[in-house]
Amino acid sequence: MFKKDNWDEILQALTANVFRTILTAFGVFWGIFILVILLAAGQGLENGIKKGFDGIATNTMFMWSQTTSKAYKGLPKTRRYDFRNSDVAALKAALPDLLYVSPRNQLGDFNGTNNVVRGTKTSAFTIYGDYPELIKQQPMDIINGRFINQQDILDKRKIAIIGKGVISELYGKEEEPVGTYIKINGVNFMVVGVYKSKQQGGNAEQEQKNIFIPFTTFQQAFNYGDKVGWMALTAKDETSITDLKPKILEIIKGLHSINPADDRAVGNFDLYEQFNKVQSLFNILKIIAYFVGTLVLISGVIGISNIMLIVVKERTKEIGIRRALGATPGAIRSQILSESIFLTIISGMFGIAVATGIIALLNMALDSMPPGNDTMFANPSVDLGVVFVALIILVGSGLLAGFIPAQIAINVKPVDALRTE
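Residues numbered from 1 in each chain as written. Predicted model: local features only at pLDDT ≥ 70, side-chain atom pairs only at ≥ 80, totals over all residues. Heavy atoms only, no water.

Describing the overall build of the protein chain
Reasoning step 1: Per the secondary structure count, the protein chain includes 13 helices and 14 strands.
Reasoning step 2: Within the span of the protein chain, comprising 421 residues, buried residues form 43% of the whole.
Reasoning step 3: Taking as baseline every contact in the protein chain between residues at least 6 positions apart, the subset at least 24 positions apart corresponds to 77%.
Reasoning step 4: By element, 60% of the accessible surface of the protein chain is carried by carbon and sulfur atoms, the whole surface being about 21700 Å². (Helix = DSSP H or I, 4+ residues; strand = E, 2+ residues; numbered from the N terminus. Buried < 20%, exposed > 50% of the residue type's maximum accessible area, 1.4 Å probe, protein only. Contact = heavy atoms within 4.5 Å. Areas by Shrake-Rupley, 256 points an atom, 1.4 Å probe, with all protein chains shown as cover.)

Printed below as a string of structure tokens:
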């Protein structure tokens, strides 16, 4: 393998007809190129989608009350009910595998009537009543001040955390919001923090226009009693919220005298289940990428095998002379296989190099985009392990492509070969 004469012979054989060699190598080049590009594109799409989940506790479900659809225990169907504070305590006591059970309430929205006033300025925002753990379930960065803490909950403090979108509508450019007061539905709240949402895409701008206040303060200030609008429930890492969901729904139905067979009475959205569906989709895309790339690569390998058969036929007399001079079948086979492997690896590595260059240029273009131009495509890349697997495939392909021609070569009888014109 390391003899100069052998390499000289390989290069001489491959350069005897350069155009034919290039066309033959292009099949393998194109196969490995398509494989790497498809895998990188799939990874880029996966990264972009997962970027939208950045900061979100994906092992989470959201639950809200709806109208019952079945009569139960003398109670009519189409009955309306509300979650209560006691429901939160009951879920925490019954299910220790729940990491967070966050009750939430909401007042107004950015499309509604003006509900927030500061001085002479007024605007409409979504007001949320929340617990401190929400910041661990919903993506946001506190860029000034602080978020809600447990003491705010216990003391029912009238404090507020506002988004950057709120500042742009209620404050001047140089004004410091922390320490100032805003009036929500006629109730004064002191601003103690400013947040920036981590969410991307179409809802990112609206997510900056929310105001968060302590949950207990919300209930007291706006006469909600012990009513809970909906809940965000997050399971511990070792437990799936999807597995806990049947028990959660069973507990809620029992607390509110709901028919166990009523699937419409408790609304819910399982984020973990949806996240797994997205992950399954990307796994399927990877399988398709491997399948398509492998098929194209096989077509290239078949092309190399055909060309090597032609090369062996053209060199029949040469092989006969070498056999007559004492060359062993192993030496002949080794020479043919070396030519096949060399051509396969060179064309394949060139395909990997070109694909890597295109991926690098694409990453540079994505990195140069302005921060506001969010895209569902991010950091397309291929794992280093895939490159090593591709190299192994190339070596195996080269052996496969050269095997049949090599067997034909060693079966040539010296006498018959010397008669060949």
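What to know about the pattern of salt bridges
Reasoning step 1: In total, this model carries eleven salt bridges according to the counting rule given.
Reasoning step 2: Of the charged contacts in the structure, one is a salt bridge between Lys253 and Asp263, with a shortest N-O distance of 3.9 Å. Taken together, the positions of Lys253 in helix α8 (residues 241-255) and Asp263 in the loop between α8 and β14 (266-270) put the pair ten residues apart, joining distant regions of the chain.
Reasoning step 3: Overall, the relative accessible area of 11% leaves Lys253 in the buried class.
Reasoning step 4: Here Asp263 falls in the exposed class, since its relative accessible area comes to 65%.
Reasoning step 5: Among the charged side chains, a salt-bridge network with shared partners connects Arg146, Asp152, Asp155 and Arg157. (Salt bridge = Lys/Arg side-chain N within 4 Å of Asp/Glu carboxyl O.)

What about the packing of helix α3 (residues 85-94) against α8?
Reasoning step 1: Two elements in contact, α3 and α8, have axes whose closest approach is 11 Å; the angle formed by their N-to-C orientations is 135°. In this view, α3 runs oblique relative to α8, as classed from their interaxial angle. Where α3 crosses over α8, the handedness of that crossing is right-handed. When α3 is examined against α8, the residues Asp87, Ala90, Leu91 and Ala94 are found in contact with a partner set consisting of Ile248, Ile251, Ile252 and Leu255.
Reasoning step 2: Per-class residue counts for the contact of α3 with α8 are seven nonpolar, no polar and one charged. (Axes fitted to C-alpha atoms, helices over the stretch in contact; angles between N-to-C directions. Parallel < 35°, antiparallel > 145°, perpendicular 65-115°, else oblique. Left-handed = near helix turned anticlockwise from the far one by under 90°. Nonpolar A, V, L, I, M, F, W, Y, C, P; charged D, E, K, R; others polar.)

Let's talk about the nonpolar core
Inside soluble globular proteins, nonpolar side chains tend to come together where they are buried.
Reasoning step 1: Ranked by size, the top nonpolar core spans 36 residues in total, and within it Met63, Leu91, Met231, Leu233 and Ile248 carry the most contacts.
Reasoning step 2: Sorting the residues of this core by element identifies β1 (60-65), α3, β3 (98-107), β8 (159-163), β10 (187-197), β13 (230-235) and α8 as the ones contributing at least two each.
Reasoning step 3: Here this core gets six residues from one element, more than from any other, and that element is α8.
Reasoning step 4: Val28, Ala40, Val386 and Ala406 belong to the second largest nonpolar core, which has 29 residues in total. (Core = buried A, V, L, I, M, F, W, Y, C linked by side-chain atoms within 4.5 Å.)

Quick look at the pairing of strand β9 (residues 181-184)
Reasoning step 1: Burial along β9 is one-sided: Ile182 and Ile184 are buried, and none of Tyr181 and Lys183, which face the opposite way, are.
Reasoning step 2: Sheet topology note: the β9/β10 ladder contains four bridges and is antiparallel. Opposite Lys183, over in β10, you have Asn188 as the bridge partner.
Reasoning step 3: From the end of β9 to the start of β10, which pair antiparallel, there are two residues, and Asn185 there has a positive phi angle of about 50°. (Pairing = 2+ DSSP bridges.)

A look at unusual backbone geometry
Reasoning step 1: Its identity as a non-glycine residue notwithstanding, Lys156 has a phi of 55°, on the positive side.
Reasoning step 2: Its location among the elements puts Lys156 in the loop between α4 (150-155) and β8.
Reasoning step 3: A relative accessible area of 36% places Lys156 in the partly exposed class.

Brief notes about the UniProt feature "transmembrane region" (unreviewed entry) in the protein chain
Reasoning step 1: In this structure's numbering, the residues bearing the UniProt feature "transmembrane region" (unreviewed entry) are residues 21-41, 287-312, 341-364 and 384-404.
Reasoning step 2: In this annotation, residues 21-41 is assigned 100% helix and 0% strand; the end-to-end C-alpha distance for the span is 30 Å.
Reasoning step 3: End C-alpha to end C-alpha, residues 287-312 measures 37 Å, and it is 100% helix and 0% strand. (UniProt positions renumbered as here; feature names shortened; annotations may be inferred.)

Quick word on the packing of aromatic side chains
Reasoning step 1: Across all of its chains, the model carries 14 aromatic pairs by this definition.
Reasoning step 2: Residues Phe26 and Trp30 carry aromatic rings whose centres are separated by 5.9 Å and whose planes lie at 15° to one another, so their mutual orientation is stacked. Note that Phe26 and Trp30 are positioned in helix α2 (residues 18-51) at a spacing of four residues, about one turn of the helix.
Reasoning step 3: Aromatic side chains Tyr128 and Trp230 sit 6.1 Å apart centroid to centroid with 80° between the ring planes, which places their arrangement in the edge-to-face category. Of this pair, Tyr128 sits in strand β6 (residues 126-130) while Trp230 sits in strand β13, and the two are 102 residues apart along the sequence. Here the two residues Tyr128 and Trp230 agree in accessibility, since each one is buried.
Reasoning step 4: These aromatic residues form a ring-pair network of at least three members: Phe26, Phe29, Trp30, Phe33 and Phe350.
Reasoning step 5: One cation-aromatic arrangement involves Arg104 over Tyr128; the distance from NZ or CZ to the ring centre is 4.7 Å. (Phe/Tyr/Trp six-rings, centres within 6.5 Å; stacked < 30°, edge-to-face > 60°. Lys NZ or Arg CZ within 6 Å of the ring centre and 35° of its normal.)

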